[in-house]
Amino acid sequence: MNKKLQLVMLLFATVGILAQTTVVDFEDSSTFTIGGWEGVAEVVTNPNSAGINTSANVAKYTTPANKAWANGVSVILNSSISYTDIRSLDFSVIAPSASQIYVKLENEAITGETQPEAYVTPTTASNDWQLLTANFSEITDATEAASATFDKIFIIFNPNDTTGGEEWHFDEMKLNTVTDPLAPTGLMISEATDEFTLSWNDDPLATDGFNVFISEGTGSAQYITTLAAGSTSYTYTGTVAGVTIAGSNTYTATVQALPDADNNAYANSGSFVLNEVEPSAPTGLMISEATNEFTLTWDNDPQATGGFNVFISEGTGSAQYITTLAAGSTSYTYTGTVGGITITDGGTYTATVQALPDADNNAYANSGSFVLNEVEPSAPTGLMISEATNEFTLTW
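Residues numbered from 1 in each chain as written. Predicted model: local features only at pLDDT ≥ 70, side-chain atom pairs only at ≥ 80, totals over all residues. Heavy atoms only, no water.

Student: Hey, could you run me through the pairing of strand β9 (residues 130–135) in this one?
Tutor: Every other side chain in a regular strand lies on the same face of the sheet, so the side chains alternate between the two faces. Side chains of β9 alternate between two faces, with Gln130, Leu132 and Ala134 buried and Leu131, Thr133 and Asn135 left unburied. The pairing of strand β6 (residues 88–94) with β9 spans 6 bridges and is classified as antiparallel. Bridge pairing links aspartate 90 to threonine 133 in β9. (Buried < 20%, exposed > 50% of the residue type's maximum accessible area, 1.4 Å probe, protein only. Helix = DSSP H or I, 4+ residues; strand = E, 2+ residues; numbered from the N terminus. Pairing = 2+ DSSP bridges.)

Written out as structure tokens, the structure reads:
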């Protein structure tokens, strides 16, 4: 500790639902050991119990002269703090100067471990208690972070001071921990053509949002994105994390609630085969005839999101594709030459319509074969009979 420590200013970004646990309040000497390095550390009577800190006893550290970055106070705890529980540390100070304070977590029994650090600065020099929060730097190695524990809080007051003689009082050291959310519940899959939506129940503890993942077949889960807190669904469409979403493929959708220090807040849909939502064959077909043309009509189907293909066949010939109509269409008029076939009175035709999408190729319906008749006259009118011997004449 005899050279200036370089602070990695990578602070915790996660701020979950915070709960506080008192680490040490200097009232019970059996729960801690305090010691000074170069300076003097001791437990004293609270010099100002009328403010925000009404404790009877507090800690005091007097800085030495000519020991910049080479002094400090250690508070050794009788029980360890788990890194996975740590977000920040609150403590109260009476500050003789508005100077920075350096705080570090250590483990007495381990050397070479990553030691979370923080800088915090009092608002002003004052004889009144001030509440400070030290936000610690991150342990970036996931394996180390999962198992790291600390039993020592080391503090340097006014690290750059060379004069010494500053009397710092501190107390009420409280650890801010995060109540992590559980794995998401209420997962549901809603399918559509070449896409699906995963939905889940919101969790107010998931203050950092949700990670979403995708796996195809028996492959491993691939991270896609992180959604904001309050999100309750994600639509998998197109290509996500290198996986193309398409009908008839097998997928597993996974969501993780955050923060998740213990890495156990995952839930998944289970493996499923994505089937396109396809319409049935059109219903309610009718033919309306006119001179040298006819119109085929059918009932609309909201599942026919890809529209409708229309076909024509003449006599016993095969069906010829004509065009694709937009979704919501319910009729098509066959007139002139369509699909290479000229529509004329007296011709025999079959009109066919296919609802789309139709991956199984079974959403066809047709009019049946019919003869297109010319528009016929009504019954003759103005009939008259003119008689003669042994004969008569009918006129109209």
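Picking up where we left off.
Student: Quick question: what am I supposed to make of a nonpolar patch on the surface here?
Tutor: Side chains of Leu383, Ile385, Phe392, Leu394 and Trp396 sit close together on the surface and give an oily, nonpolar patch of about 600 Å² of accessible area. The class for tryptophan 396 is exposed, based on a relative accessible area of 66%. (Patch = residues over 30% accessible without salt bridge, like charges linked within 9 Å, V, L, I, M, F, W, Y side chains within 5 Å. Areas by Shrake-Rupley, 256 points an atom, 1.4 Å probe, with all protein chains shown as cover. Salt bridge = Lys/Arg side-chain N within 4 Å of Asp/Glu carboxyl O.)

Student: Is there a simple way to explain the side chain of glutamate 166 in this structure?
Tutor: Within the secondary structure, glutamate 166 sits in the loop between β10 (149–157) and β11 (167–179). An unpaired buried charge is present at glutamate 166: no salt bridge exists, and lysine 60, the closest side chain of opposite charge, is 13 Å distant. In terms of polar contacts, glutamate 166 uses its side chain to reach the side chain of asparagine 158, at 3.2 Å. A polar contact of 2.9 Å, which involves the side chain of glutamate 166, links it to the side chain of tryptophan 168. (Lys, Arg positive; Asp, Glu negative; His and termini not counted. Polar contact = N/O pair within 3.5 Å; in protein donor to acceptor, adjacent residues only side chain to side chain.)

Student: Would you mind showing me how to read the sheet that holds strand β12 (residues 188–192) here?
Tutor: Strand pairing in a sheet is mediated by backbone hydrogen bonds. Such pairs are either parallel or antiparallel. Read from one edge to the other, the open sheet built from 3 strands follows the order β12-β13-β16, with strand pairing classed as antiparallel. Because the sheet does not close on itself, it has two edges, and the strands there are β12 and β16 (233–237). For this sheet the average axis-to-axis angle between neighbouring strands, irrespective of direction, equals 20°. Both β12 and strand β13 (residues 195–199) contribute to a ladder of 5 bridges, which runs antiparallel. (Axes fitted to C-alpha atoms, helices over the stretch in contact; angles between N-to-C directions.)

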